Amino acid sequence: MITISVITCTFNAEAVVTRTLESVREQTFHKVEHIIIDGLSADGTLALVDDYREKTEREDNGHRVVVVSEKDNGLYDAMNKGILKASGDYLVFLNAGDVFPSSETLEHVLSGFADGEDLPGVLYGDADIVNNDGFLLRHRRLRPPSTLSWRSFKHGMLVCHQAFYARADLARETLYDRQYRFSADVDWCIRIMKLAEERGLQLRNVNEVLVNYLDGGMTEKNHRASLFERFRVMAHHYGMLTTVGMHLWFVVRAVIRK
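Below: a short report on this structure. (Residues numbered from 1 in each chain as written. Predicted model: local features only at pLDDT ≥ 70, side-chain atom pairs only at ≥ 80, totals over all residues. Heavy atoms only, no water.)

Inspection of every chain in the model, using the stated rule, returns six aromatic pairs. Between the aromatic rings of tryptophan 150 and tyrosine 238, the centroid separation amounts to 5.7 Å while the plane-to-plane angle is 5°, which identifies the pairing as stacked. One end of the pair, tryptophan 150, is in the loop between strand 6 (136-139) and strand 7 (164-167); the other, tyrosine 238, is in helix 8 (residues 223-238), and 88 residues separate them in sequence. Pair check on accessibility: tryptophan 150 and tyrosine 238 agree, each one buried. Ring pairing ties together the aromatic residues Tyr76, Phe93, Phe164, Tyr176 and Trp188, which thus form one cluster. We note lysine 194 situated over the ring of tryptophan 150; from NZ or CZ to the ring centre the distance is 4.6 Å. (Phe/Tyr/Trp six-rings, centres within 6.5 Å; stacked < 30°, edge-to-face > 60°. Helix = DSSP H or I, 4+ residues; strand = E, 2+ residues; numbered from the N terminus. Buried < 20%, exposed > 50% of the residue type's maximum accessible area, 1.4 Å probe, protein only. Lys NZ or Arg CZ within 6 Å of the ring centre and 35° of its normal.)

Below you can see the structure in the form of C-alpha cells.
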C-alpha cells in the first residue's frame, strides 16, 4: 500500500496549527506519516502538537507522528529537514493553518494504483484560499493544466505548492535551494518535474481541490522581493528572453482584466 508523508513546519503557530493537525488526524487514509518540524516555538504550539501526537498514538489508526523541535535557518531549511525525515512514497507540505478539503482527500489522491505500477513522479490538483477562520475566500486564480510539465511554470506557478505531491525519492535528490528566500518552492517544483521527466515518470492530475490554504503567506507579505526572486528563478530555468517575454505578457494580461 502506498504511504504518504505530510510535512508541517511551525513557528509560534498556536493560533492556527490545531485545525491543521485535526485535518491530518481525520484523514481516512491509513498510511500517513505526519512530520512536524518546529523552529523552537515560544508559544503553545508544542503543547498542542504533543497533545495531538498522544491522541494519534491512542487511536492506533495507522497514522504516525514525528516531531522535531530545534533551531533552523529559515523556512526552507526546515522543509529540507522534513524531506530528509520522510519515509513515505510521496510527500506533501501542509503549512500551519492549511487543511485538507475533506477527510477523504488523501484517500482520493493515493488510492487506485495497481500492484507493480510505476508511481507517477508528481500527483497534483487545485487549491482554494481561506481566511484565518477557515472560511473560503476564493478559488486560486492560477489553475493546474490537464497536462503538466516543468515548462508549464513559465506561465506562473500553475500548481499550488501544497497541492503538489512529489515522490519522496525524487524530493530527497532535489532539496530546496536556500539561496532563495521567498521562491525556493517554485524552483523546487520545477526541478522535481525536470527530474521526473528525465526518469520518464508521469505527472498526474487528480482533478480535485487538494488543499484549503491560508491567505497571506510569506511570499505575499514580502511581495515585491518575491517577484524579483521569482524572476531570477524563471530566468534560470527558461532563459532571460523567454522570462522577459512572459513578464511583458503578464502585464498586458493584467491590464486587459481591468
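Moving on, we come to the pattern of salt bridges. Applying the stated criterion to the full structure yields 14 salt bridges. Measuring nitrogen to oxygen at the nearest pair gives 2.9 Å for the salt bridge that ties lysine 81 to glutamate 70. Here lysine 81 is found in helix 3 (residues 75-85), whereas its partner glutamate 70 is found in the loop between strand 3 (64-69) and helix 3, with eleven residues between them in sequence. By relative accessible area, which is 36% here, glutamate 70 ends up partly exposed. Salt-bridge contacts for aspartate 77 lead to arginine 178; the nearest nitrogen and oxygen are separated by 3.8 Å. Within this pair, whereas aspartate 77 is found in helix 3, its partner arginine 178 is found in the loop between helix 5 (168-172) and helix 6 (184-198), the two being separated by 101 residues in sequence. Residue arginine 178 is classed as partly exposed on the basis of its relative accessible area, which comes to 45%. When salt bridges with common partners are traced through the structure, they connect Glu22, Arg25, Lys55 and Glu59 into a single cluster. (Salt bridge = Lys/Arg side-chain N within 4 Å of Asp/Glu carboxyl O.)

A few words now on unusual backbone geometry. Of note in the backbone geometry, asparagine 12 takes a positive phi value of approximately 50° without being a glycine. Since its relative accessible area comes to 36%, asparagine 12 is described here as partly exposed. At asparagine 207, a residue that is not glycine, the phi angle is positive and equals roughly 65°. Mapped onto the fold, asparagine 207 is located in strand 8 (residues 203-214).

Geometric descriptors of this kind do not, in isolation, establish any biological role.
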